[in-house]
Protein chains: 2
Amino acid sequence: MNKMHKEHNLSKNQQIIFDIINKSPEPLKAYTILFNVQKKGIKAPLQVYRALDKLVEIGKIHKIESRNAFIACHNSSCQVAKATAFSICEICEKVTEISSAGLSKYLANFKDKDGMKYSKYNLEFFGLCKKCR
Amino acid sequence: MNKMHKEHNLSKNQQIIFDIINKSPEPLKAYTILFNVQKKGIKAPLQVYRALDKLVEIGKIHKIESRNAFIACHNSSCQVAKATAFSICEICEKVTEISSAGLSKYLANFKDKDGMKYSKYNLEFFGLCKKCR
DNA sequence: AACGCTGTGTAATAATATAACATTAATAAG
DNA sequence: CTTATTAATGTTATATTATTACACAGCGTT
Ligand SMILES: [Zn+2]
Ligand SMILES: [Zn+2]
Ligand SMILES: [Zn+2]
Ligand SMILES: [Zn+2]
């Protein structure tokens, strides 16, 4: 089913759902996705959630936790699926993935008081985007 | 209703719900809270959510977004309700609020590529706690 | 009294996510 | 090729999380 040797071969449902997220200018919610793919034969929430889970796992998309929504990764298909940072406009809800070498380095090396290092993090910044100021 | 001049005077429902979260060693979910306060006359989800919203707003508790759960603030009733960081153990689900001057300073001053500064952030680190390693 | 504001009580419903089970497709061994 | 194993799918039902809508009570201000 489409054997181009990309990083990952997406299955049929995964590809459909990735495409719709990837084309969207804004994060999409699971049920919004569901409504948009019903014409393509995906009829049940679980089909969507399974694809979403997999896409998150392989770093093609990220979940914006504070919004229960999903966005395609734009860090050249995130080598850092486990180290994500976003800016979120509190008015227009625009979400942008932040890619800052300094930030990711700082957080990847951050140790808490017990000297604990972390394998993974998610950071969400909130504020007003250019337009909304 | 209890006029000690603290930072905020909690209402009856707010106090009940804060107490239960504050006593809990682990983050509590809204419906767990609901089940635990029904004996005290709080019967409906909305009563819980309204109190939670207010408590979050005034910084007495924080929401752990990736878990849909709530934890009491232990940074001396968070002056930084809008700048939160947590460590989360992926095995036992233990959650700890991180208070690191360095971290909060770094993030408070972080500017993205457009020079945008943010008024608020939430950071969740994932890894394994001492016990679970 | 009339108003604004915050909080409360209640019922209904919306939105988000998972469990359980049966089946099929793709990969890997033997 | 055949069998085993894993990943993905399809379907129904259900669990979990959160909000809408409406009525009303308490309190301080004007
Ligand atoms: Zn990414
Ligand atoms: Zn905006
Ligand atoms: Zn705090
Ligand atoms: Zn642990």
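Residues numbered from 1 in each chain as written. Chains lettered and ligands numbered in written order. Predicted model: local features only at pLDDT ≥ 70, side-chain atom pairs only at ≥ 80, totals over all residues. Heavy atoms only, no water.

Of note, Thr32(A) is situated in helix α2 (residues 30-37). Sequence separation of Thr32(A) and Ala69(A) is 37 residues, and the distance between their C-alpha atoms is 9.5 Å. (Helix = DSSP H or I, 4+ residues; strand = E, 2+ residues; numbered from the N terminus.)

Turning our eyes to something else, we now look at the coordination of the zinc ion (ligand 2). All names here are of chain A. In this structure, Cys 89 (SG), Cys 92 (SG), Cys 129 (SG) and Cys 132 (SG) serve as the protein donors to the zinc ion (ligand 2), at separations of 2.3 to 2.4 Å. Each of the four donor atoms around the zinc ion (ligand 2) contributes to a set of angles spanning 106 to 114°, which defines the coordination as tetrahedral. Read N to C, the donor residues that coordinate the zinc ion (ligand 2) are spaced as C-x2-C-x36-C-x2-C. Within this pair, whereas Cys 89 is found in strand β3 (residues 83-89), its partner Cys 129 is found in the segment after β5 (120-127), the two being separated by 40 residues in sequence. Across this residue pair, the class does not change: Cys 89 and Cys 129 are buried. (Donors = N, O, S within 2.8 Å, 3.2 Å for Na, K, Ca; no water. Tetrahedral: all angles 85-135°; square planar, octahedral: opposite > 155°, others 65-115°. Buried < 20%, exposed > 50% of the residue type's maximum accessible area, 1.4 Å probe, protein only.)

Below, the discussion takes up the relation of the copies chain A and chain B. Relative to chain B, chain A is turned by 180° and slid 0.0 Å along the rotation axis, the superposed coordinates differing by an RMSD of 0.0 Å. These values place the two chain copies in the arrangement generated by a two-fold rotation axis. Residue Leu123(A), judged by its C-alpha, is the member of chain A lying nearest the rotation axis, at 2.1 Å. Same-surface contact between copies: 100% of interface residues of chain A are shared with the interface of chain B. (Least-squares fit on C-alpha atoms with pLDDT ≥ 70 in both. Contact = heavy atoms within 4.5 Å.)

What follows is about the pattern of salt bridges. The tally for this structure, following the rule as stated, stands at six salt bridges over all chains. A salt bridge links Lys120(B) to Glu90(A), with the nearest nitrogen and oxygen atoms 3.4 Å apart. Of the two residues, Lys120(B) is situated in strand β5 (residues 120-127) and Glu90(A) in the loop between β3 and β4 (95-97); the pairing between them involves two chains. Exposure remark for Lys120(B): the relative accessible area of 29% places this residue in the partly exposed category. (Salt bridge = Lys/Arg side-chain N within 4 Å of Asp/Glu carboxyl O.)

Attention now goes to the sheet that holds β5(B). With mixed pairing, the six strands of this open sheet are ordered in space as β4(A)-β3(A)-β5(A)-β5(B)-β3(B)-β4(B). Two strands in the sheet have a free side with no partner beyond their single neighbour: β4 of chain A together with β4 (95-97) of chain B. Neighbour to neighbour, the strand axes of the sheet diverge by 20° on average, direction disregarded. Pairing analysis gives three bridges linking strand β3 (residues 83-89) of chain B to β4(B), with the strands arranged antiparallel. Looking at β4(B), one finds that Ile88(B) is bridged to Val95(B). Packing against the sheet, helix α4 (residues 101-108) of chain A makes contact with β3 and β5 of chain A together with β5 of chain B, and its axis sits at approximately 130° to β5(A). The sheet contacts of helix α4 (residues 101-108) of chain B involve β5 of chain A together with β3 and β5 of chain B, and relative to β5(B) the element is tilted by about 130°. (Pairing = 2+ DSSP bridges. Axes fitted to C-alpha atoms, helices over the stretch in contact; angles between N-to-C directions.)

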